[in-house]
Amino acid sequence: SKAEEAPKMSFAHDKLLEEVRKSLDAQRKGKQALSLVVIGHVDAGKSTLMGRLLYELGRMDERTRAANERNSTKAGKSSFSWAWSLDGTSEERERGITMDVALESFSTTKRQITVLDAPGHKEFIPNMISGASRADCALLVVDASTGEFESGFERGGQTREHLVLARSLGVAQVIVAINKLDQVQWGKNRYEEICALLRPFLTQSGFHSAKTSFIPIGAMLGVNLVACEGEDAKQLLEWYQGPTLVDLLDKLEPPSRDITAPARIPVSNIFKGQGSGISVSGRVLSGVVQVGERLRILPGDETAVVKSIEVEEENVPWVAAGSNAILALVSVDSVQLTIGSVLCPPANPVPLALTFTARILIFDLQVPIIAGAMVELFHHSRDVPASVSKLIATLDRASGKVVKSNPRVLGKASSAEVQITIRSTGSSTRPIPLEPYAANKAMGRILIRREGETIAAGIVMEVLG
Ligand code: GDP
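The model shown is predicted, which means the values in this text are computed figures rather than measured ones.

The next thing to look at is the packing of aromatic side chains. In the structure shown here, the tally under the stated rule is 4 aromatic pairs. Summarising the aromatic geometry, the rings of phenylalanine 149 and phenylalanine 153 are spaced 5.2 Å apart at their centres and angled 25 degrees between planes, so their arrangement reads as stacked. Here phenylalanine 153 and phenylalanine 149 lie together in helix H6 (residues 148-153), a separation of 4 residues that amounts to about one turn. The same class applies to phenylalanine 149 and to phenylalanine 153, which are both buried. Plain terms: the ring middles of tryptophan 239 and tyrosine 240 are 6.0 Å apart, the flat faces sit at 80 degrees to each other, and that makes the pair edge-to-face. Using a relative accessible area of 9% as the deciding quantity, one classes tyrosine 240 as buried. Through a chain of ring-to-ring contacts, the aromatic side chains of Phe149, Phe153 and Phe201 assemble into a single cluster. One Lys or Arg, arginine 199, reaches over the ring of phenylalanine 214 and ends 4.8 Å from the middle of that ring.

Next comes the structure, spelled out in structure tokens:
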């Protein structure tokens, strides 16, 4: 693979930044790109909604739709026909669930939207974390049917957990789609009841009310997605004259793009390309990368040359912070490259951490955290065994001021500063690429899980070594 020819860079760094600025300015007048993670309890209708929306927007042709319907009817799952297009693998089709984070894109009048479809099953939370850490906005789907909203919203349901996780990973905007209103005769009272239950929870989870919107929909019938008209929409129209889902999507704020910071690209997936080539996908968290550029792969001492870059299914000469991209790499020894590796400029690498301090917010806990507690640390698409090696202080949740130094335990709903240490796996302990939140927000967010439950979210303060 080392022999494969690497392309030359087209721009010196300052010229590239100038080029990127010009292009982003032009984009601002046209369609702005952003990425969206679809979250919510299992069976809320996430896949159905995306399938139907893509169809209404002309992204799925009639033949594909009809074939999906035939195939899913044959499999005895006709109600899943709309979801068929997104749920790719045969295992997903058989189980009728979405497991991996699929990528689809569509455009509205003013936005080009990449969809990161998040799975709803509990054991797939790590995938959801990987999806949400690459998203600008979330679309929460809830099931309005009697009893169903409630079971998704109670303790242990994914409605709460997904919202908390998305916010902890930096997603600040959310559209709440209240789905399956056909199941409750399009009742205005039921819609308002659900809004009233969700509103305080959203605020409490850190979503600003100005960045939160609610919308009544019927995903299966296609009501109020692109339009609210026709026989199926009649009952909804009796009390609803607001925006459609697409109207709301069209108003989402695009990401802020920190193009002057050093490039940081955590790898979320790796594919084998043609021949000896290898491709990776991931979100460019900061900086700009161009074709021909050499990137360091951390951890490890390898580098790779970017052979080509794909954004929104198109080949592009460079990619800037805020975009999800696929990079084809050459001159690389792929042994070092894993999901979770971070690509960065060789002259400006990400620090590697075995031990670091973090400020964390503790969620609902059964067993309090004590020094030495064994946990799983999640950072972008990577998860590693770790321990909470020191409890430094408990903090006031509002002001962040120290309440008590060297506490013995951390209970639920508290805030604390702790030291976290990566545990060894087998014979070796490998440090992970991390950055303090103050240096790079998107590189400085972590989640802590234990026995399949998310117990805390936090930000990295200092890398100790
Ligand atoms: P996901 O797990 O959130 O992706 O949910 P799916 O999209 O797989 O949908 C779960 C079930 O709800 C399927 O049987 C769908 O046909 C059904 N469903 C989805 N949207 C609607 C809707 O608007 N109305 C009704 N009645 N059923 C729906």
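As for its placement among the helices and strands, leucine 365 is situated in the loop between strand S17 (355-362) and strand S18 (369-370). On the basis of relative accessible area, leucine 365 is assigned to the buried category, the value being 10%. C-alpha separation for the pair leucine 365 and lysine 211, spaced 154 residues apart in sequence, amounts to 28 Å. In contact with leucine 365, other than residues within four places in its own chain, are Leu410, Gly411, Lys412, Arg450 and Ile455.

Here the focus is the pairing of strand S8 (residues 278-283). By the criterion of burial, S8 is predominantly enclosed, with 6 of the 6 residues buried. Here S8 shows no split at all, with Ile278, Val280 and Gly282 on one side and Ser279, Ser281 and Arg283 on the other all buried. In the sheet, strand S7 (residues 265-272) pairs with S8 via 5 bridges, with the strands oriented antiparallel. By the bridge assignment for S8, phenylalanine 271 is matched with serine 279. Where S8 meets strand S14 (residues 324-330), 6 bridges bridge the pair, whose relative direction is antiparallel. If you follow glycine 282 over to S14, its bridge partner there is alanine 325.

Within the secondary structure, isoleucine 309 sits in strand S11 (residues 302-311). The buried category is assigned to isoleucine 309, whose relative accessible area is 1%. The sequence separation of isoleucine 309 and valine 280 amounts to 29 residues, and the corresponding C-alpha distance is 9.9 Å. Beyond its immediate stretch of four places on either side in the chain, isoleucine 309 contacts Val289, Gln290, Val291, Glu314, Asn315, Val316, Pro317, Trp318, Val319, Ala325, Ile326 and Leu327.

What counts and what doesn't
Residues numbered from 1 in each chain as written. Predicted model: local features only at pLDDT ≥ 70, side-chain atom pairs only at ≥ 80, totals over all residues. Heavy atoms only, no water. Phe/Tyr/Trp six-rings, centres within 6.5 Å; stacked < 30°, edge-to-face > 60°. Helix = DSSP H or I, 4+ residues; strand = E, 2+ residues; numbered from the N terminus. Buried < 20%, exposed > 50% of the residue type's maximum accessible area, 1.4 Å probe, protein only. Lys NZ or Arg CZ within 6 Å of the ring centre and 35° of its normal. Contact = heavy atoms within 4.5 Å. Pairing = 2+ DSSP bridges.

These values are about where atoms sit, not about what they do.
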